[in-house]
Amino acid sequence: MQILKEHDHQKAVFTWAMANREQWPELNLLYAIPNEDKRSVERVRKLKAQGMRPGLPDLCLPTPRGDFHGLYIELKRPGGKLRPNQELWLKALAGQGYMTAVCIGADEAITTIKDYLDDL
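Since we're looking at a predicted model, the values are computed, not measured.

Trainee: For this particular structure, what's the right way to read the pairing of strand 4 (residues 99-104)?
Mentor: Regular strands place side chains that alternate from one sheet face to the opposite one. Alignment of strand 3 (residues 71-76) against strand 4, held across 6 bridges, turns out to be parallel. Bridge pairing in strand 4 places Y72 opposite T100. Remark: the strand 3/helix 3 (residues 84-95)/strand 4 crossover connection has right-handed handedness.

Set out below in structure tokens:
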């Protein structure tokens, strides 16, 4: 059995989101924060100078629900581990009124998004 990369899980989330925009128009606002690609040292320096912040969660849905300003998701593939800078970002964002979640795989991320949009 092939283990999917985090990229594949994230792609599956966006494929689902685009297919379900009619039911949840807010999904048009879902976006990825591309901080984790392999890049040259020079490119990383340029991106950091432009505001790239290591550890930011992978996905953001800037739609308020209940007491939350929006939803941030750190997406991990099965077996993936949360890094300390990711934990700090999730804690800081939660402290600012955002719902945060660590999701293992696309299915868990999709369930989290659906629950957020429907239940809060």
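Having seen the structure, we can now continue with the description.
Trainee: Would you explain the sheet that holds strand 2 (residues 59-61) in this entry?
Mentor: The strands making up a sheet associate through backbone hydrogen bonding, with each pair oriented either parallel or antiparallel. A sheet is described by the order of its strands in space; here 4 strands give the open sequence 1-2-3-4, paired in mixed fashion. In this open sheet, the two edge strands, each paired with only one partner strand, are strand 1 (31-32) and strand 4. Both strand 2 and strand 3 contribute to a ladder of 3 bridges, which runs antiparallel. Following the sheet pairing, C60 is matched in strand 3 by Y72.

Trainee: In this structure, what is going on with the side chain of R65? I would like to understand it.
Mentor: In this fold, R65 is placed in the loop between strand 2 and strand 3. Of note is the side chain of R65, whose polar atom sits 3.2 Å from the backbone oxygen of L117.

Trainee: Where do I start with the pattern of salt bridges in this structure?
Mentor: Where charged atoms of side chains with opposite charge meet at close range, the side chains can pair. According to the stated counting rule, one finds 3 salt bridges in the structure shown. E26 is the salt-bridge partner of R65, the closest N and O atoms lying 2.5 Å from each other. Of this pair, R65 sits in the loop between strand 2 and strand 3 while E26 sits in the loop between helix 1 (6-19) and strand 1, placing them 39 residues apart in sequence. Judged by relative accessible area, R65 falls into the buried class, the value being 15%. Take E26: its relative accessible area is 21%, and that puts it in the partly exposed class. Ionic pairing is found between E42 and K46, a salt bridge with its closest N-O pair at 3.5 Å. With E42 and K46 both in helix 2 (residues 41-49), this residue pair falls 4 residues apart, about one helical turn.

About the cut-offs
Residues numbered from 1 in each chain as written. Predicted model: local features only at pLDDT ≥ 70, side-chain atom pairs only at ≥ 80, totals over all residues. Heavy atoms only, no water. Pairing = 2+ DSSP bridges. Helix = DSSP H or I, 4+ residues; strand = E, 2+ residues; numbered from the N terminus. Right-handed = clockwise from strand over helix to strand, strands pointing away. Polar contact = N/O pair within 3.5 Å; in protein donor to acceptor, adjacent residues only side chain to side chain. Salt bridge = Lys/Arg side-chain N within 4 Å of Asp/Glu carboxyl O. Buried < 20%, exposed > 50% of the residue type's maximum accessible area, 1.4 Å probe, protein only.

Structural measurements only, silent on function.
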